[in-house]
Amino acid sequence: MKKQLLLTLAITGLGILSVTAQTKNVPSSKSIDEKVNTLLNKMTLEEKVGQMTNLTLDAISKTDASGKILEPHEIDEHKLEEKILKYHIGSFQNVAGHTYSREHWYQIISAMQRVALQDRLKIPALYGIDAIHGVTYTLGSTLFPQEIAMAATFNPALAYQEGEISAYETRASYIPWNFSPVLDVTKNPVWPRIYETFGEDPYLVKTMGAAIIKGYQGNNVGDKYHVTSTMKHFLGYGDPLSGKDRTPAWIPDRYMREYFLPPFIEAVKSGSRTLMVNSSEINGVPIHASKYLLTDVLRKELKFDGIVISDWMDIRYLHTRHHVAATEKDAVALAVNAGIDMCIVPYDYTFYNYLIESVREGKVPMSRINESVRRILHVKYELGLFDHPVGNPDDYPKFGSDEFRATSYKAASEAITLLKNDNNALPLKKNIKVLVTGPAANTMRSIDGGWSYTWQGDQDDKYAADKNTILKAIQQKIGKENILYEPGSGFDSLQDVNAAVEAAKKVDAVVLCLGETSYTENVGNINDLDLPAAQIELAKQMVKTGKPVILVMAEGRPRIITSIANLSAATVMAYIPGNEGANALVDILFGDVNPSGKLPFTYPRQANALVNYYRKNIENGNSDDAHGYNPLYEFGYGLSYTTFKYSNLHLSKPDIKDNETLTVTIDVTNTGSREGKEAVLLYTSELYASITPDTKRLRALNKIDLQPGESKTVTFKLNAKDISFINDLSQRVTEPGEFKVEIGDQTQSFNYHSSSNYQPDTNGKL
């Protein structure tokens, strides 16, 4: 049986929440502009600068004499009143140490808004949180796979659904502002924030990013079930030269526009209302001080009209870290004049005081202040805060529901990637005895990762105690009596490996769970991409027992496993799959779910062989160079328990011209014995160009589900813009020439003809 399937980029209609279909009473931009202008004309300079100031929750929390946050957490009414009534602070963010219940969030937001409405102009405060894979700081919320795992699904519909559910549960926590998604294209696997991204490919990042933004914001960002998104981190954050967090990058403008800018272009088109800035510097220029990127590119080229917010303390760092400003006061003027609208200070009044002084001294024009405040007020009106500053607790009956957890489970089950399966070692039979071992086997820190309950995820085992670790999930699957457990090693040191060896002798198979504990940002910096020696040694000892070893990698970045990759019977990449991830993983291990994930990054073979899949052909070196492109696993690689055959790749015409569309069809057949899902990926290659062309680039994707023996015809549409690139003048062009289309093992060629180079975006350099 063959079915026709047409790729669609539209995300509308993918929603799962009937409650989200609220499009009534969406305020017009014109009506909001009128309200903003009226309010702005009444504001003093102090009130305006207060709106541009963002403080952390710590700054309004009760503390002891040493400054330590008191437990249980309480708002300090005196501090809150000072911040808002005296300094007119307009926004707050973060948590004070740990996660809170919905009830406590209600107390926090209610207190904040109660005081805000006592201020002269009664401007509601805006609260933001890093809900990057679900509501990370609310007890009982639905935690999804981290972004890198969501990317491995190659399924934008799932990203949209995650966005919807996360928005619902963020609003259920009375917070309307989400510091997500991360749109950084990550090119260096050493970087500790790779797991927060959608991977190394610009098309995949922009497609998944646009989907989750539309899920977050819906048709009306101001309704009670949606939030404003924050695209971050603008720009080039994912490619630090050293691989360490917040360290310098060297990125030519052409390269920046080719690989790093497209996700933000798409995010602006998708309606994202706020943007957070890259903490680091590019080519010696800190982004917080770059008028070129923040004003010329972001405002003039991309036409972004929302809020630009700094990252944590990063305006101060222009003076203390980057040394481009002689004083902190100079740093404030430099950043605001470059295009920053709001500063995460986050503790004091330095930004507030310095900016007022700078305006009065003529170092920052009042027009810049008015621009920023107008944007901030506009977003507050869009979010409905003037009408409903605090949500209604009774409006969110689905918070943490089984329905939401089922979507998280589905995402994890489509993300987890089978990398190796010698002699059909997987799936495992359910009537066997299994040793579960390894440092990732019995901790939620490897399942949820950072930004989970706490910043570093270091309390995941406490707050997710009701969720299954990998060990617990296997015990539930085949019975505790059939399971032996020995840790074998920690993440960095051996722990009675002999006990694990002895236990292995008593079982039929070993599930070896290696990888990383939770981390994020600079805490996750490493000097060696190799998996720690203790874990490698544990793996080798398990293999020596002669029992089949099922290697499970629970990790946020591709740690080098080459020395043990050939020793396992099967290898599964779990990524950081979220609260339901262990259940999904075990269902895959024992055959209840057919894996369908594909790698969203290139898995390197060696620690210094870090090359992305779309490398330049010249990077291969000479044809006989043994040190050319040779990853352990390629981008887009992933196995299944069934098999798929690609055939009949067809192009609608051999040549296309300006403004013409090329229709590409491919037949995909499930040639195995069980149902399976397949991410169909379309790549193009340009044979010759004025800039050395990439080897290939992902241009379209579609995930399909096929029954045994079933075939589907998948259809894609390509135009000149889809095969364009940035030339040496930093302009996006499509040059005439021959192109190759590749889907699976099928290839076809076509030619593009134009009287002059086609420029899809005529405004500026895009």
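Please read all numbers here as calculations on a predicted model, not as lab measurements.

### Regarding the overall build of the protein chain
Here is step 1 of the chain: Secondary structure summary: the protein chain contains 22 helices and 29 strands in total.
Here is step 2 of the chain: A globule of 766 residues ought to have a C-alpha radius of gyration of about 27 Å, and the protein chain, at 26 Å, matches this closely.
Here is step 3 of the chain: Judged by the C-alpha coordinates and their principal axes, the protein chain covers about 75 × 70 × 50 Å.
Here is step 4 of the chain: Put simply, the protein chain has 766 residues, and 64% of those count as buried.
Here is step 5 of the chain: A separation of at least 24 residues holds for 79% of the contacts in the protein chain among residues at least 6 apart in sequence.
Here is step 6 of the chain: Within the structure as shown, the protein chain displays about 27,500 Å² of accessible surface, and the carbon and sulfur contribution to it stands at 48%.
Here is step 7 of the chain: Of the charged side chains in the protein chain, 81 are positive and 91 negative; the average position of the first set lies 2 Å away from that of the second.

### Some thoughts on the sheet that holds strand S13 (residues 434–437)
Here is step 1 of the chain: Pairing in this open sheet of 6 strands is mixed, and the strands run S12-S19-S18-S17-S13-S14 from one edge to the other. Pairing within the sheet leaves two strands with one partner each, and these edge strands are strand S12 (417–421) and strand S14 (483–486). Neighbouring strand axes in the sheet, compared pairwise and without regard to direction, differ in orientation by 20 degrees on average.
Here is step 2 of the chain: Where S13 meets strand S17 (residues 509–515), 4 bridges bridge the pair, whose relative direction is parallel. Looking at S17, one finds that Leu435 is bridged to Val510.
Here is step 3 of the chain: On top of the sheet, helix H18 (residues 470–478) reaches S13, S14, S17 and strand S18 (549–554); it is set at about 165 degrees to S14, its chief contact.

### Here's the deal with helix H6 (residues 156–171)
Here is step 1 of the chain: Its 16 residues place the ends of H6 22 Å apart at the C-alpha level, agreeing with the 22 Å of an ideal helix rising 1.5 Å per residue.
Here is step 2 of the chain: Capping of H6 at its N-terminal end is provided by Asn155; its side-chain oxygen lies 3.1 Å from the backbone amide nitrogen of Ala157.

### A short note on the pattern of salt bridges
Here is step 1 of the chain: Per the counting criterion, the structure on display carries 45 salt bridges.
Here is step 2 of the chain: Measuring nitrogen to oxygen at the nearest pair gives 3.0 Å for the salt bridge that ties Glu382 to Arg273. One end of the pair, Glu382, is in helix H14 (residues 366–382); the other, Arg273, is in the loop between helix H9 (262–269) and strand S7 (274–277), with 109 residues separating them in the sequence. Of the two residues examined, Glu382 and Arg273, each falls in the buried class.
Here is step 3 of the chain: Linking Glu742 and Lys696 is a salt bridge whose minimum nitrogen-to-oxygen distance equals 3.2 Å. Here Glu742 is found in strand S28 (residues 737–743), whereas its partner Lys696 is found in the loop between strand S23 (676–686) and strand S24 (697–706), with 46 residues between them in sequence.

### Comments concerning the packing of H18 against helix H22 (residues 581–589)
Here is step 1 of the chain: For the pair H18 and H22, interaxial distance at closest approach is 8 Å and the crossing angle is 50 degrees. With respect to H22, the element H18 is oriented oblique. The chirality of how H18 crosses H22 is right-handed. In this structure, H18 uses Ile470, Ala473, Ile474 and Lys477 to contact H22, whose residues at the interface are Ala582, Asn583, Leu585, Val586 and Asp587.
Here is step 2 of the chain: Here the residues of the contact of H18 with H22 are counted per class, giving 6 nonpolar, 1 polar and 2 charged.

### Some words on the packing of aromatic side chains
Here is step 1 of the chain: Summed over the entire model, instances satisfying the criterion amount to 28 aromatic pairs.
Here is step 2 of the chain: The interplanar angle of 55 degrees and the centroid separation of 6.3 Å between the aromatic rings of Phe601 and Tyr603 together place this pair among those described as tilted. Each of the two residues, Phe601 as well as Tyr603, counts as buried.
Here is step 3 of the chain: The positively charged end of Lys232 is found above the aromatic ring belonging to Trp451, 6.0 Å away from the centroid.
Here is step 4 of the chain: For the cation-ring pair, Arg321 lies above Tyr317, with the distance from its terminal atom to the ring centre recorded as 3.8 Å.

### Some points on the environment of Ala534
Here is step 1 of the chain: Structurally, Ala534 is set in helix H20 (residues 533–544).
Here is step 2 of the chain: When the C-alpha positions of Ala534 and Phe491 are compared, they lie 7.3 Å apart, and in sequence the two are 43 residues distant.
Here is step 3 of the chain: Excluding residues that lie within four positions of it along the chain, Ala534 makes contacts with Ser489, Asp492, Ser493 and Leu494.

### Brief notes about the packing of H6 against helix H15 (residues 402–415)
For any two helices packed against each other, the geometry is given by the interaxial angle and the distance between the axes.
Here is step 1 of the chain: The N-to-C vectors of H6 and H15 enclose an angle of 145 degrees; their axes lie 10 Å apart at closest approach. Like other packed secondary-structure pairs, H6 and H15 cross with a definite hand, here left-handed. Taken together, the residues of H15 that come into contact with H6 (itself represented by Leu158, Gln161, Ile165, Tyr168 and Glu169) are Phe404, Thr407, Lys410, Ala411 and Glu414.
Here is step 2 of the chain: Per-class residue counts for the contact of H6 with H15 are 5 nonpolar, 2 polar and 3 charged.

### A closer look at the sheet that holds strand S21 (residues 655–656)
Here is step 1 of the chain: Strands sit in the order S21-S29-S28-S23-S24 across an open sheet of 5 strands; the sheet is mixed. Both edges of this open sheet fall to S21 and S24, since each of them pairs with a single strand only.

### What to know about the pairing of S12
Here is step 1 of the chain: With 5 of its 5 residues buried, S12 lies for the most part within the structure.
Here is step 2 of the chain: Here 4 bridges tie S12 to strand S19 (residues 570–573), and the two strands are oriented antiparallel to one another. When the bridges of S19 are listed, Lys420 appears paired with Thr571.

### Focus: empty space enclosed by the protein
Here is step 1 of the chain: Evaluated as defined, the whole model comprises 7 cavities of 30 Å³ or more.
Here is step 2 of the chain: Forming the boundary of the largest cavity are 18 residues, of which Glu686, Pro693, Asp694, Arg699 and Phe725 lie nearest the centre.
Here is step 3 of the chain: Listing elements by their share of the lining of the largest cavity, those giving two or more residues are helix H8 (253–260), S23 and S24.
Here is step 4 of the chain: Among the residues making up the lining of the largest cavity, the classes are represented as 7 nonpolar, 4 polar and 7 charged.

### Concerning the environment of Lys505
Here is step 1 of the chain: Within the fold, Lys505 resides in the loop between helix H19 (497–504) and S17.
Here is step 2 of the chain: Taking the C-alpha atoms as reference points, Lys505 and Tyr100, 405 residues apart in sequence, are found 45 Å from one another.
Here is step 3 of the chain: At a separation of 3.0 Å, a polar atom in the side chain of Lys505 contacts the side chain of Glu502.

### Structural notes on the side chain of Thr454
Here is step 1 of the chain: By secondary structure assignment, the location of Thr454 is in the loop between helix H16 (445–448) and helix H17 (460–463).
Here is step 2 of the chain: Judged by its relative accessible area of 4%, Thr454 falls in the buried class.
Here is step 3 of the chain: Setting aside chain neighbours within four positions, we find Thr454 in contact with Gly97, His98, Tyr137 and Gln459.

### Let's talk about the confidence of the model for the protein chain
Should the pLDDT be low somewhere, the predicted coordinates at that spot are not to be read in detail.
Here is step 1 of the chain: When pLDDT is averaged along the protein chain, the result is 94; 94% of the residues meet or exceed 70.
Here is step 2 of the chain: Counted against residues more than four places away or in other chains, residues 1–23, with its pLDDT under 50, gives 59 contacts.

### Notes on H14
Here is step 1 of the chain: The end-to-end C-alpha separation of H14 is 24 Å, in line with the 24 Å expected for 17 residues at 1.5 Å each.
Here is step 2 of the chain: Of all the 17 residues making up H14, 13 are buried; the element is thus mostly covered by neighbouring parts of the structure.
Here is step 3 of the chain: One or two residues past the end of H14 sits Gly384, with phi positive at roughly 75 degrees.

Definitions and limits used
- Residues numbered from 1 in each chain as written.
- Predicted model: local features only at pLDDT ≥ 70, side-chain atom pairs only at ≥ 80, totals over all residues.
- Heavy atoms only, no water.
- Helix = DSSP H or I, 4+ residues; strand = E, 2+ residues; numbered from the N terminus.
- Rg over C-alpha atoms; globule rule 2.2 N^0.38 Å.
- Buried < 20%, exposed > 50% of the residue type's maximum accessible area, 1.4 Å probe, protein only.
- Contact = heavy atoms within 4.5 Å.
- Areas by Shrake-Rupley, 256 points an atom, 1.4 Å probe, with all protein chains shown as cover.
- Lys, Arg positive; Asp, Glu negative; His and termini not counted.
- Charge placed at Lys NZ, Arg CZ, Asp CG, Glu CD.
- Pairing = 2+ DSSP bridges.
- Axes fitted to C-alpha atoms, helices over the stretch in contact; angles between N-to-C directions.
- Expected span 1.5 Å × (residues − 1).
- Polar contact = N/O pair within 3.5 Å; in protein donor to acceptor, adjacent residues only side chain to side chain.
- Salt bridge = Lys/Arg side-chain N within 4 Å of Asp/Glu carboxyl O.
- Parallel < 35°, antiparallel > 145°, perpendicular 65-115°, else oblique.
- Left-handed = near helix turned anticlockwise from the far one by under 90°.
- Nonpolar A, V, L, I, M, F, W, Y, C, P; charged D, E, K, R; others polar.
- Phe/Tyr/Trp six-rings, centres within 6.5 Å; stacked < 30°, edge-to-face > 60°.
- Lys NZ or Arg CZ within 6 Å of the ring centre and 35° of its normal.
- 1 Å grid on protein atoms, 1.4 Å probe; cavity = no way out; pocket = protein on both sides within 12 Å on 5 of 7 lines; lining within 4 Å.
- Points joined across faces, edges and corners; volume = space filled by probe spheres on them.
- pLDDT = per-residue confidence, 0-100.

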